[in-house]
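Summary of structural features
Chain residues, written in single-letter form:
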Amino acid sequence: MGMKKIFMMVLAVGCGAVACATAQGSRGSATTSSVEQVRTELARLYQVNADAFRRYDVPGVMALRAPDFHTVAADGTARDRAGMEQYTIGLMNGIKKWNELTFTIDSLTLVGDTAIAIVSQHLDRMALRPDNQVHHVETWVTQRETWIKSKSSWLMWRVDQLRNQRRLVDGTAQ
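Overview of the structure. Just so it is clear, the model here is predicted, and its values are computed rather than measured. (Residues numbered from 1 in each chain as written. Predicted model: local features only at pLDDT ≥ 70, side-chain atom pairs only at ≥ 80, totals over all residues. Heavy atoms only, no water.)

Topic: the overall build of the protein
Note the threshold: Secondary structure elements follow DSSP: runs of H or I no shorter than four residues count as helices, runs of E no shorter than two count as strands, and numbering proceeds from the N terminus. Only protein chains enter the accessibility calculation, which uses a 1.4 Å probe. A residue is then buried if its area is under 20% of the maximum for its type, exposed if over 50%, and partly exposed in between. Contact criterion: two residues are considered in contact whenever any of their non-hydrogen atoms come within 4.5 Å of each other. We get accessible surface area from the Shrake-Rupley algorithm with a probe of 1.4 Å; when it comes to residues, only the shown protein chains can shield them.
Counting its secondary structure elements, the protein contains five helices and seven strands. Along the protein, from the amino end to the carboxyl end, the secondary structure elements read α-α-α-α-β-β-α-β-β-β-β-β. Burial analysis of the protein (174 residues in total) assigns 43% to the buried set. In the protein, the share of contacts with a sequence separation of at least 24, taken over all contacts with a separation of at least 6, comes to 58%. Of the roughly 9300 Å² of accessible surface on the protein, 54% is carried by carbon and sulfur atoms.

Remarks on the layout of surface pockets
Take a probe with the size of a water molecule and roll it over the atoms, and the empty space left behind shows itself. For the record, the criterion: Put plainly, a pocket is an open set of points on a 1 Å grid over the protein atoms alone with protein on both sides within 12 Å along at least five of seven lines, a cavity is a set where a 1.4 Å probe fits but cannot get out, and a lining residue has an atom within 4 Å of a point. Grid points are joined across faces, edges and corners, and a volume is the space filled by probe spheres set on the points. Nonpolar residues are Ala, Val, Leu, Ile, Met, Phe, Trp, Tyr, Cys and Pro. Charged residues are Asp, Glu, Lys and Arg, and all others, Gly as well, are polar.
Reported here for the largest pocket is a volume of approximately 1000 Å³. Around the largest pocket sit 41 residues that line it, and M84, Y87, L91, Q121 and L123 are the ones nearest its centre. Of all elements in the fold, only α3 (32–54), β1 (65–72), α5 (81–94), β3 (95–111), β4 (114–128), β5 (134–149) and β6 (154–169) reach the threshold of two or more residues within the lining of the largest pocket. Class assignment of the residues belonging to the lining of the largest pocket gives a composition of 22 nonpolar, 11 polar and eight charged.

Comments concerning α3
Quick note on the threshold: Take the number of residues in a helix, subtract one, and multiply by 1.5 Å to get its expected span.
Given a rise of 1.5 Å per residue, 23 residues ought to cover 33 Å, and the 33 Å separating the end C-alpha atoms of α3 matches this to within 8%. Within α3, the full set of buried residues consists of S34, V35, V38, L42, L45, Y46, N49, A50, A52 and F53. Positive phi shows up at Y56, right after α3, with a value of about 60 degrees.

Some remarks on α5
Selection rule: Arc, as used here, means the arc of the directions from the helix axis to the C-beta atoms.
A rise of 1.5 Å per residue sets the reference length of α5, with its 14 residues, at 20 Å; its end C-alpha atoms lie 20 Å apart and thus fit the reference within 8%. Taken as a whole, α5 has its buried residues at M84, T88, M92 and G94. Along the axis of α5, the buried positions cluster into a sector of 160 degrees, meaning they face one direction only. Among the exposed residues of α5, those pointing more than 90 degrees away from its buried face are Q86 and N93.

Observations concerning the pairing of β3
Rules: For two strands to count as paired, DSSP must find a minimum of two bridges between them.
Summarising the sheet, β3 and β4 pair through 14 bridges and their orientation is antiparallel. Of the residues in β4, the one forming a bridge with V111 is T114.

What about the environment of T77?
Note the threshold: For this analysis, a polar contact is any N or O atom pair within 3.5 Å, provided that within protein one partner can donate a hydrogen and the other can accept it, and provided that sequence-adjacent residues contribute only side-chain to side-chain pairs.
In this structure, T77 sits in the loop between β1 and β2 (78–80). Residue T77 is classed as partly exposed on the basis of its relative accessible area, which comes to 42%. For T77, the residues in contact, after removing those within four places along its chain, are T71 and V72. A distance of 2.7 Å separates polar atoms of two side chains, one belonging to T77 and the other to D75.

A word on unusual backbone geometry
You will see that N164, though not glycine, has its phi angle at about 55 degrees, which is positive. With respect to the element layout, N164 can be found in strand β6.

Observations concerning the nonpolar core
The criterion, for reference: We define the nonpolar core as a collection of buried residues of types Ala, Val, Leu, Ile, Met, Phe, Trp, Tyr and Cys that are connected through side-chain atoms lying within 4.5 Å of one another.
Among the nonpolar cores identified, the biggest contains 33 residues, and L42, Y46, L108, A115, W147 and W154 are the most heavily contacted of them. Those elements giving two or more residues to this core turn out to be α3, α4 (58–62), α5, β3, β4, β5 and β6. Ranked by residues supplied to this core, first place goes to α3 with eight residues. With near-sequence residues (within four places) excluded, Y46 lies in contact with F103, I105, A117, V119, E145, W147 and M156.

In structure tokens form, the structure reads like this:
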């Protein structure tokens, strides 16, 4: 069964991220040790991702994304891989200095070759704003990030279910 079908089946039966991460032990279900192994590998990949952002390395960021990578924003707007690459270029062009990038895996679900991570993200940077001035910008979000196993590594396939979004510009909520 393909990774997308497994993912859609998980959604259809309403499997929550925390509930599914428990050890099931058979029929392709995740064991506690496999969940921890994947958590360790994804934590490493989040570090690789953060390092690519710090280097303003768009190809490095996109190398961690699946060919059919896509996102669904909080308002339901979808972006395909090409759209997200353009968004990433725009984001990086406005950032003059990274202060901190933090990605924390809050929970992890494994179903076959699919890993569903609930991730808290904090980005702290000095960035251009619409007034064409550089400001201190911090953003926070919690989102679901679905990874698929490729031949050699995990690749991010989908980002959705954004929540707890917050933005500060020079210490003021936006």
